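This is what each chain is made of:
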Amino acid sequence: TGPSMDASWQYLAAAVNASPVARANSAMDSMSDVYSFSPLGETNQRAMKQVVTASKKLIRKISKTPYKVLDAPALWDDFYLNLVDWSSQNVIAVGLGSVVYLWSASTSRVSKLVDLENDGGPVCSVAWSTDGSHLAVGTNSGTVQVWDVRSSSKLRTMQGHKSRAGAAAWKGSKGEYSSDPN
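So, here is what we can say about the structure in this document.

Definitions and limits used
Residues numbered from 1 in each chain as written. Predicted model: local features only at pLDDT ≥ 70, side-chain atom pairs only at ≥ 80, totals over all residues. Heavy atoms only, no water. Pairing = 2+ DSSP bridges. Helix = DSSP H or I, 4+ residues; strand = E, 2+ residues; numbered from the N terminus. Axes fitted to C-alpha atoms, helices over the stretch in contact; angles between N-to-C directions. Salt bridge = Lys/Arg side-chain N within 4 Å of Asp/Glu carboxyl O. 1 Å grid on protein atoms, 1.4 Å probe; cavity = no way out; pocket = protein on both sides within 12 Å on 5 of 7 lines; lining within 4 Å. Points joined across faces, edges and corners; volume = space filled by probe spheres on them. Nonpolar A, V, L, I, M, F, W, Y, C, P; charged D, E, K, R; others polar. Patch = residues over 30% accessible without salt bridge, like charges linked within 9 Å, V, L, I, M, F, W, Y side chains within 5 Å. Areas by Shrake-Rupley, 256 points an atom, 1.4 Å probe, with all protein chains shown as cover. Buried < 20%, exposed > 50% of the residue type's maximum accessible area, 1.4 Å probe, protein only. Polar contact = N/O pair within 3.5 Å; in protein donor to acceptor, adjacent residues only side chain to side chain. Contact = heavy atoms within 4.5 Å. Lys, Arg positive; Asp, Glu negative; His and termini not counted.

Take the sheet that holds strand E7 (residues 144–148) next. The sheet built from four strands is open, its strands ordered E5-E6-E7-E8 with antiparallel pairing. Each having just a single partner strand, strand E5 (123–128) and strand E8 (153–158) make up the two edges of the open sheet. Within the sheet, the average angular offset between the axes of one strand and its neighbour, ignoring direction, is 20 degrees. Looking at chain direction, E5 and strand E6 (residues 134–139) are connected through five bridges and run antiparallel. By the bridge assignment for E6, Ser125 is matched with Gly138.

What follows concerns the pattern of salt bridges. Throughout the structure, instances matching the rule amount to one salt bridge. When the shortest N-O distance is used, the salt bridge between Asp78 and Arg164 registers 2.9 Å. Taken together, the residues Asp78 in the loop between helix H3 (42–57) and strand E1 (84–86) and Arg164 in the loop between E8 and strand E9 (167–171) connect sequence positions 86 residues apart.

Right, let's get into the layout of surface pockets. Looking at the second largest pocket, its volume works out to about 200 Å³. Residue lining of the second largest pocket: 13 residues in total, with Val91, Leu102, Trp128, Val149 and Arg150 positioned closest to the centre. Broken down by element, the residue count for the lining of the second largest pocket peaks at three residues, all from strand E3 (residues 99–104). Tallied by class, residues from the lining of the second largest pocket come to six nonpolar, five polar and two charged.

Here the focus is the sheet that holds E3. The strand order across the open sheet built from four strands is E1-E2-E3-E4, with neighbouring strands paired in antiparallel fashion. Looking at strand neighbours, the two that pair on one side only are E1 and strand E4 (110–115), the edges of this open sheet. Here the strands of the sheet are splayed against their neighbours by 20 degrees on average, with no regard to which way each runs. Pairing of E1 with strand E2 (residues 91–96) involves three bridges; the strand directions are antiparallel. In the sheet register, Asp85 faces E2, and the bridge partner there is Ala93.

Right, let's get into a nonpolar patch on the surface. Among the surface-exposed residues, Met48, Val51 and Val52 lie close enough to one another that they form a single nonpolar patch of about 240 Å² accessible area. With respect to the secondary-structure elements, Val52 resides in helix H3.

A few words now on the pairing of E6. Among the six residues of E6, five are classified as buried, and the element is accordingly described as predominantly covered. In textbook terms, the turn of a hairpin is the stretch between consecutive antiparallel strands, and for E5 and E6 this stretch comprises five residues, one of which, Gly132, has a positive phi near 80 degrees. Pairing analysis gives five bridges linking E6 to E7, with the strands arranged antiparallel. The residue bridging Ala136 from the neighbouring strand is Val146, located in E7. With antiparallel pairing between neighbouring strands as the criterion, E6 and E7 make up a hairpin whose turn holds four residues, including Gly142 at a positive phi of roughly 100 degrees.

Another point: the side chain of Ser129. Locating Ser129 in the fold gives a position in the loop between E5 and E6. Residue Ser129 is classed as buried on the basis of its relative accessible area of 6%. At 2.7 Å, the side chain of Ser129 forms a polar contact with the side chain of Asp131. Discounting chain neighbours no more than four positions away, the residues touching Ser129 are His134 and Trp170.

By the secondary structure assignment, Asp148 is in strand E7. Despite its burial, Asp148 pairs with no opposite charge; the closest candidate is Arg150, at 5.3 Å N-O. Polar side-chain contacts of Asp148 include one of 3.1 Å to the backbone nitrogen of Arg150. Of the polar contacts made by the side chain of Asp148, one reaches the side chain of Ser151; its length is 3.4 Å. In this structure, Asp148 is in contact with Ser133, His134, Ser153 and Leu155, ignoring residues within four places of it in sequence.

Honestly, it's all geometry; don't read function into it.
This is the structure we're talking about:
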């Protein structure tokens, strides 16, 4: 074994013991290496290296401070209630105690839709219709009220549940309402 053979063994040992990333970087650095394992030509290898290094620079930064904080002091701590729903009109409905509040994400304005303290409250579920014009409000007494949000008027009260209406949904694009007591 001569000096050139020792150098070849050292190179081979370093290549075998190196991590896959180090091996790939090594192959990219030696563009003119005749024994490269890459099927890409020298020009394409350079282009690929630029793409890889550019994509490494695009690291998404997530803020450690919140953009908005929803203050919900009377939100029931009950997994089975649906007390928050976001409409297609970019408005969030929140049931807090016996009151339903609406928060517009576009204007950051809060308005009170209804207080159900004397009308079957507290609120157990809220659900927007698909077009965002009507809101169904399920109560602890089992009634479900449908509200026209634009005029802030109650359209109907539906009864039939023996216990609270804790989950609600609008069926299909026609806006038919269904609720599920739990």
